[in-house]
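# Coordinates in review
Residues per chain are reported as follows:
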Amino acid sequence: MNVKEIEDLFYQNLNELGTMANELNKNNYVTFSINKHINYTNVCVSRCPICAYHRAEGYLLSPEQVIESALKAIELGANELHIVGSHNPEIGIEYFEEIFRKIKERAKNVVIKALTAAEIEFYSKREGMSVREFLDRLKSAGLDILPGGGAEILVERIRKRIAPSKVTSHGWLRVMKIAHELGIKSNATMLFGHIESYRDRAIHLYRLRRLQEKTNGFLAFIPLRFHPENTEFSNLKKTSLRDILKTIAVSRIALSNFKGIKAYWVMLGIKETEIALNYGANDVDGTVMGEKIAHSAGAETPLEMGKGRILEMIRRAGKVPARRDAFFNILEVYK
Ligand code: V47
């Protein structure tokens, strides 16, 4: 598929797109994981205009606090940790090494999904290390997967306005390519519903599809609905349900080489997520158990969802819930 073909999809009839996308999810499963999000700091030198997370009072969790929070979640059944923060110049590689190593010592089977490509670029530069060397060190300490954040829109003209001091589009894709070459899988996100056009979304999707053709290192794609509250774009309205469904459906079609298309309930909303499951999304992320980035920008969803509520949401959509691990292997099907 080329950019034009992807862009054209955005102008197609929504119901037809939904049917096409839904059919691409071969079995009727919608997956989820028992996971825990931990945001280790919000102190950030990049201060992106689209982000509200750095605006609250600054904090930095100690390695012990992160580890304690992780172990508590593991006791509650979490098998996947999602650890991300911001660009805090006080932190060095040893901070992450200590956290990953100590978590793995206590819970060797838990999967550590941590640090976006933007964070990897920032902290490796701060250390004066190459991205490869930095990732290699973190992999040895226990890092398993890179989450998909920080991608925003992989088009420089837009990026300059929404995230001017952060990793470039090329830089983001480069970190992912290196991670994949080192055997570290990753996800990819796209922040939509702000100042970008359909064409920009199409370029973003095309670039991800191309990299996936080369490396096959991506697991899931997560379209993130932009929340304008407390950001420099607070004059914008949240994008519509129609736009969410269209974007999910186009993503499923354009990224047919990705295992998962996540409807991330925290950012989409619960009702919207349920509908998205019939428009090409085949995953709802997980229990999450506490998240700060979307909620600082006005998300009204709960801070966590119990397994029971997740099963209910998936079944209401007419789908079969299946618990997965972080690599998208099915662990249990709830018939
Ligand atoms: O990187 C920032 C985005 C991301 C806002 O990989 C905003 O499994 C909406 O990446 N409104 C963090 N979004 C979330 C994320 C994620 C979530 C779930 C699963 C995975 C995964 C990754 O949130 C940031 C940024 O792109 N963001 N500000 C905002 N105002």
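The present account deals with the structure reproduced in this document. On a predicted model such as this, the values are computed, not experimentally measured, just so you know.

### A look at the packing of helix H5 (residues 117-127) against helix H8 (residues 169-181)
Running from N to C, H5 and H8 point in directions that differ by 90 degrees, and their axes come no closer than 9 Å. As summarised for this structure, H5 and H8 are arranged roughly perpendicular, according to the angle between their axes. Facing H5, whose interface residues are Ala117, Ala118, Ile120 and Glu121, H8 presents Trp172, Val175 and Met176. Tallied by class, the residues present in the contact of H5 with H8 amount to six nonpolar, no polar and one charged.

### Observations concerning the nonpolar core
Of all hydrophobic cores here, the largest spans 113 residues; its most connected members are Ile83, Phe100, Leu135, Trp172 and Leu208. A per-element tally of this core places helix H10 (residues 241-254) first, with seven residues. Apart from residues lying up to four places away in sequence, Phe100 is in contact with Ile83, Ile112, Ala114, Leu138, Ala141, Gly142 and Leu143. Judged by nonpolar contacts, the second largest core, of six residues, contains Val111, Ile145, Ala220 and Phe328.

### Some thoughts on the packing of aromatic side chains
According to the stated counting rule, one finds 13 aromatic pairs in the structure shown. With 4.7 Å between their ring centres and 10 degrees between their planes, Phe10 and Tyr198 make a pair best called stacked. Taken as a pair, Phe10 in the loop between helix H1 (3-9) and helix H2 (14-24) and Tyr198 in helix H9 (residues 198-215) lie far apart in primary sequence, 188 residues in all. Tyr198 sits in the partly exposed class, given a relative accessible area of 23%. Both rings, one in Phe96 and one in Tyr123, keep their centres 5.1 Å apart while their planes meet at 70 degrees; by these two values the pair is edge-to-face. Taken together, the residues span a long stretch of sequence, with Phe96 in helix H4 (residues 93-106) and Tyr123 in helix H5 at a distance of 27 residues. With respect to burial, Phe96 and Tyr123 carry one shared label: buried. In this structure an aromatic cluster arises from ring pairing among Tyr40, Tyr95, Phe96, Phe100, Phe122 and Tyr123. The ring of Phe328 carries the charged tip of Arg324 above its face, separated from the ring centre by 4.2 Å.

### Side note on the layout of surface pockets
Within this model, the largest pocket holds a volume of roughly 240 Å³. Asn25, Lys26, Asn27, Tyr29, Thr31, Arg252, Lys259, Asn282, Phe328 and Ile330 are the residues that line the largest pocket. In the lining of the largest pocket, the residues fall into three nonpolar, four polar and three charged. Its volume calculated, the second largest pocket comes out at about 160 Å³. For the second largest pocket, the full set of lining residues is Leu173, Arg174, Lys177, Tyr206, Arg207, Arg210, Leu211 and Lys214. Elements with a contribution of two residues or more to the lining of the second largest pocket: H8 and H9. Here the element with the most residues in the lining of the second largest pocket is H9; it accounts for five residues. Among the residues forming the lining of the second largest pocket, the class breakdown is three nonpolar, no polar and five charged.

### Focus on the pairing of strand S3 (residues 80-84)
Burial analysis of S3 places five of its five residues in the buried class, the great majority of the element. On S3, burial covers both faces: Glu80, His82 and Val84 on one face and Leu81 and Ile83 on the other are all buried. Bridging between strand S2 (residues 35-39) and S3 involves five bridges; their strand directions are parallel. Bridging across to S3, His37 finds its partner in His82. Following the chain from S2 across helix H3 (residues 63-75) to the adjacent parallel S3, one finds a crossover that is right-handed.

Definitions and limits used
Residues numbered from 1 in each chain as written. Predicted model: local features only at pLDDT ≥ 70, side-chain atom pairs only at ≥ 80, totals over all residues. Heavy atoms only, no water. Axes fitted to C-alpha atoms, helices over the stretch in contact; angles between N-to-C directions. Helix = DSSP H or I, 4+ residues; strand = E, 2+ residues; numbered from the N terminus. Parallel < 35°, antiparallel > 145°, perpendicular 65-115°, else oblique. Contact = heavy atoms within 4.5 Å. Nonpolar A, V, L, I, M, F, W, Y, C, P; charged D, E, K, R; others polar. Core = buried A, V, L, I, M, F, W, Y, C linked by side-chain atoms within 4.5 Å. Buried < 20%, exposed > 50% of the residue type's maximum accessible area, 1.4 Å probe, protein only. Phe/Tyr/Trp six-rings, centres within 6.5 Å; stacked < 30°, edge-to-face > 60°. Lys NZ or Arg CZ within 6 Å of the ring centre and 35° of its normal. 1 Å grid on protein atoms, 1.4 Å probe; cavity = no way out; pocket = protein on both sides within 12 Å on 5 of 7 lines; lining within 4 Å. Points joined across faces, edges and corners; volume = space filled by probe spheres on them. Pairing = 2+ DSSP bridges. Right-handed = clockwise from strand over helix to strand, strands pointing away.

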